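Take a look at the letters that make up each chain.
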Amino acid sequence: QVQVVESGGGLVQAGGSLRLSCVASGSIFNINAMGWYRQAPGKQRELVATVASGGRINYADFVKGRFTISRDNAKNMVYLQMSNLESEDTAVYYCNVQSGIFKFYWGQGTQVTVSS
C-alpha cells in the first residue's frame, strides 16, 4: 500500500510565504517524477510544478519565479516553497508521485488560503 501525505498548508496574507511538504511511503518503488498540482473552487486541477528523478524541473507559467520545487530522493519527499503569494493562489494543493512509468499516486491535498 502506498501513502502520499502533504503538509504545510494554511492561511497567509498576500505577499507572504508557505512551504509545502509531501512524503511518499509504503510499497512504492522506482519513483520518477514528483510534483504539485492545485485545484481552486469551481476550477479544474492544474499543474503547478514537477521535478523529474534526474532533476529536470517544469513550472506552470503562473508561478512567475515565485515558487521553487525541490525533492529529497533519500526521503521520498518533495517540497514547494511559495513566496509572494497572491489571492489567486488560494486552492487545495495536491502532491503527485509517479512510480515506474504508469503508476501515479495522489495525496489527499492541503488547503492554501491567501487573504488579500
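Notes on the structure in this doc start here.

What counts, and where the lines are drawn
- Residues numbered from 1 in each chain as written.
- Predicted model: local features only at pLDDT ≥ 70, side-chain atom pairs only at ≥ 80, totals over all residues.
- Heavy atoms only, no water.
- Pairing = 2+ DSSP bridges.
- Helix = DSSP H or I, 4+ residues; strand = E, 2+ residues; numbered from the N terminus.
- Buried < 20%, exposed > 50% of the residue type's maximum accessible area, 1.4 Å probe, protein only.
- Contact = heavy atoms within 4.5 Å.
- Disulfide = S-S within 2.5 Å.

### A word on the pairing of strand S10 (residues 103-106)
As judged from the four bridges shared by strand S9 (residues 91-99) and S10, these two strands associate in the antiparallel manner. The partner of Ser99 across the bridge, within S10, is Lys103.

### Looking at the environment of Ile57
Take Ile57: it is sitting in strand S6 (residues 57-59). Residue Ile57 is classed as partly exposed on the basis of its relative accessible area of 39%. Separated by 42 residues in the primary sequence, Ile57 and Gly15 have C-alpha atoms spaced 24 Å apart. Those residues in contact with Ile57 that sit more than four places away from it in its chain are Thr50, Val51 and Ile69.

### Concerning the state of the cysteines
Under the counting rule described, the total for this entry stands at one disulfide. Disulfide pairing places Cys22 opposite Cys95 at an S-S distance of 2.0 Å. Sign of the S-S torsion, about -80° for the bond between Cys22 and Cys95, identifies this disulfide as left-handed. Of this pair, Cys22 sits in strand S3 (residues 18-26) while Cys95 sits in strand S9; the two residues are 73 residues apart in sequence, bridging distant segments of the chain. Cys95 carries the same exposure label as Cys22, and that label is buried.

Treat this as a map of the structure, not an account of what it does.
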